[in-house]
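As a plain string of letters, each chain reads:
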Amino acid sequence: MRKGEKGRISFYITDGFSRRPPPKGGGNTLWSVFAHYLKIMLKIYNTLTRQIEEFKPIKDKKVGLYTCGPTVYDYAHIGNLRTYIFEDILKRVLKYNGYKVKHVMNITDVGHLTGDRDMGEDKLEKGARREGKTAWEIADFYIKAFKKDLAALNILEPDIWCKATDNIKEQINLIKKLEAKDYTYKTSDGIYFDTSKFKDYTKLSHQKLEELQEGARVEKNPEKRNPADFALWKFSPKGSKRQMEWQSPWGIGFPGWHIECSAMSLKYLGDQLDIHCGGADHVALHHTNEIAQSEAATGKKFFNYWLHGAFLNISGGKKMAKSEENFLTLDNALIKKEINPLVYRFAALMTHYRKPMEYSKEGIEAAKNGLEHLYNQVRSLGGKKGQVSKQFKNKFLEAINDDLNMPRAMAVFQQVLKSDLTDADKLATILDFDKVLGLNLAKVKKEKQKIPKQIQILVNEREAARENKNWAKSDKLRNEINKLGYLVEDTSEGQVVKKK
Ligand code: AMP
Ligand code: ZN
């Protein structure tokens, strides 16, 4: 209890990054402190329970995060990239909350077939034929392109990148475990997982098994015991050699698509299976199968939290998909049109990750104007060393911790700019927010200072004229600066110069 605060309990909440007092107003009663804490702790929507839950990692302040990576047979489209932006925001929110994140992302460079239910061709081998390259060259090329897209969108790289082809042994070992526990059977084209032996196969998708069977009638594999069964290992076709194939206890072939994510998440995050993410299309098939085979093999729960990002659709609510050939890359939609790729990140921030987002040229144009306006607001902030406002930081934290409510967080950002904080404090506060937003605000602010020497001389002269109250000279100098393509504004913190 503090001196002079009779009958009131007074203490601080530690949230991992700062010690701060409970908010002013409402009194420091135990209840108000508790209510404050409730609002601020991280809550996320878990597909597994279909509820917004308080996030509790397995190990104190450490988080294991696994995000399903790209299948590298073509460029990523901006739909894929929406999912990677959402995952990046999640990771940054975890870090902002003081967690140490171990992030693993796989690269699917084999085994993802053109038909989702283990039929059709391997996408990598198909890509190789299309481009007259080897499957290995195709993978290499599109991995580089993917990393370039991530960098352009300010998406933080994972701590561990892992390729399916570098982890064949681990996948074979996992299949062996499943075989030993009698979860597998053999057909003429591969080794399959028997989904009827796994209790609660649809616990993630919450589908009825009958619905799955209904949907799977188009399936043309009469050797499968149940329509939902999936391949763990596929045999190379008889009489032909694949570019990517390996020896296994069951014969030469290649792993099924799902097994890689189980094998690699168990390998790299074994005792830290906290959060697993992907796009909404992964719920009913890929993640459902990952859970079944992992939990069958280990007998333990596989990941506590499952988060899924909604689709980017094209007009009419149709999902952007590689197979539909309606897809736009970051290059086509933005970079080639000389639009800053962060405009797309900004657009993604303005829609909650669980709400579908519709792509349109007008939408991109609006986001472009929105980001430019925001950048101008940042550029016009004078002042140097300021303090992060605790009040606004708490508001921001409440928004991002409310299941990553970024539109609300962006509204807090605007409240800061309109507040009566000093420019320096505003700047310090929004630069702190940018740890989560990733909009390069510090760089934008610095760019402003990179004005040509000739302009800087005029600005300094104008400064002197203003100090001497020589308004006529000050106006004349402003005109000169304008003619040279720069704008000068007088703010409470002094002159602000920017390119027209
Ligand atoms: P892929 O390269 O096809 O394995 O997909 C990479 C990621 O993008 C996965 O997490 C998918 O769920 C996600 N994804 C695919 N299409 C879309 C879309 N239209 N909108 C948002 N995410 C998508
Ligand atoms: Zn995966």
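Reading the values: rules and limits
- Residues numbered from 1 in each chain as written.
- Chains lettered and ligands numbered in written order.
- Predicted model: local features only at pLDDT ≥ 70, side-chain atom pairs only at ≥ 80, totals over all residues.
- Heavy atoms only, no water.
- Donors = N, O, S within 2.8 Å, 3.2 Å for Na, K, Ca; no water.
- Helix = DSSP H or I, 4+ residues; strand = E, 2+ residues; numbered from the N terminus.
- Buried < 20%, exposed > 50% of the residue type's maximum accessible area, 1.4 Å probe, protein only.
- Near = heavy atom within 4 Å.
- Polar contact = N/O pair within 3.5 Å; in protein donor to acceptor, adjacent residues only side chain to side chain.
- Areas by Shrake-Rupley, 256 points an atom, 1.4 Å probe, with all protein chains shown as cover.
- 1 Å grid on protein atoms, 1.4 Å probe; cavity = no way out; pocket = protein on both sides within 12 Å on 5 of 7 lines; lining within 4 Å.
- Sits in = over half its atoms within 2 Å of the grid points.
- Nonpolar A, V, L, I, M, F, W, Y, C, P; charged D, E, K, R; others polar.
- Domains from an automatic or database assignment.
- Points joined across faces, edges and corners; volume = space filled by probe spheres on them.
- Phe/Tyr/Trp six-rings, centres within 6.5 Å; stacked < 30°, edge-to-face > 60°.
- pLDDT = per-residue confidence, 0-100.
- Contact = heavy atoms within 4.5 Å.
- Core = buried A, V, L, I, M, F, W, Y, C linked by side-chain atoms within 4.5 Å.

As a further point, take the coordination of the zinc ion (ligand 2). Perfect tetrahedral coordination of a metal by four donors corresponds to 109.5 degrees between them, and perfect octahedral coordination by six donors corresponds to 90 or 180 degrees. Every protein donor of the zinc ion (ligand 2) is listed here as Cys68 (SG), Cys261 (SG) and His286 (NE2), and their distances to the metal cover 2.1 to 2.2 Å. Mapping the donors of the zinc ion (ligand 2) onto the primary sequence gives the spacing C-x192-C-x24-H. Residue cysteine 68 is located in the loop between strand S5 (62-67) and helix H2 (78-96), and its partner histidine 286 is located in helix H8 (residues 283-298); the two are separated by 218 residues in the primary sequence. The residues cysteine 68 and histidine 286 share a single accessibility class, namely buried.

Bringing the site of ligand 1 into the picture now. Lining the immediate surroundings of ligand 1 are 18 residues, of which Gly79, Thr83, Asp281, Leu312 and Met320 lie closest. Taking leucine 312, its main chain carries an N or O atom lying 2.9 Å from a nitrogen atom of ligand 1. Methionine 320 is positioned with one of its backbone polar atoms (N or O) 2.8 Å from a nitrogen atom of ligand 1. Look at ligand 1: alone it shows 500 Å² of surface, and the protein chains cover 94% of it. Its atoms largely coinciding with the cavity grid, ligand 1 occupies the largest pocket. Looking at the shell around ligand 1, the elements that each hand over two or more residues are H2 and strand S12 (275-279). No other element matches H2, which puts 4 residues into the shell around ligand 1. Of the residues that constitute the shell around ligand 1, the class distribution is 6 nonpolar, 9 polar and 3 charged. Both of domain 2 (46-309) and domain 3 (318-446) provide at least three residues apiece to the shell around ligand 1.

Here we come to empty space enclosed by the protein. Tallied over the entire structure, the rule returns 4 cavities of 30 Å³ or more. The space that makes up the largest cavity amounts to roughly 130 Å³. Lining the largest cavity are 13 residues, with Phe86, Ile89, Ala348, Thr351 and Tyr353 sitting closest to its centre. Only H2 and helix H10 (342-349) provide two or more residues apiece to the lining of the largest cavity. Ranked by residues supplied to the lining of the largest cavity, first place goes to H2 with 5 residues.

Estimates place the volume of the largest pocket at around 1000 Å³. For the largest pocket, the lining is made up of 43 residues, of which Tyr73, His112, Lys123, Lys319 and Lys322 are closest to its centre. Where the lining of the largest pocket is concerned, the elements lending two or more residues are H2, helix H3 (123-131), helix H7 (257-269), S12 and H8. Top contributing element to the lining of the largest pocket by residue count: H2, with 5 residues. Looking at the lining of the largest pocket residue by residue, the classes come out as 16 nonpolar, 17 polar and 10 charged. Of the domains in this structure, domain 2 (46-309) and domain 3 (318-446) are the two that each give at least three residues to the lining of the largest pocket.

Looking now at the packing of aromatic side chains. In this structure the tally under the stated criterion is 19 aromatic pairs. Plain terms: the ring middles of tyrosine 183 and phenylalanine 193 are 5.6 Å apart, the flat faces sit at 5° to each other, and that makes the pair stacked. One end of the pair, tyrosine 183, is in the loop between helix H5 (168-180) and strand S8 (184-187); the other, phenylalanine 193, is in strand S9 (residues 190-193), with 10 residues separating them in the sequence. Relative accessible area serves as the criterion here: at 0%, phenylalanine 193 is assigned to the buried category.

For the chain, mean pLDDT is 89; residues scoring 70 or higher make up 91% of the total. Segment residues 1-26: pLDDT under 50, and 47 contacts once partners within four positions in sequence are set aside and those in other chains are kept.

With that out of the way, let us pick up the nonpolar core. The biggest cluster of nonpolar side chains holds 73 residues, and the ones touching the most others in it are Ile275, Tyr344 and Phe433. Per-element tally for this core: the top contributor is H2, with 10 residues. Two domains each put at least three residues into this core: domain 2 (46-309) and domain 3 (318-446). Grouped together as the second largest cluster of nonpolar side chains are 54 residues, Leu48, Phe198, Trp246 and Trp250 included.

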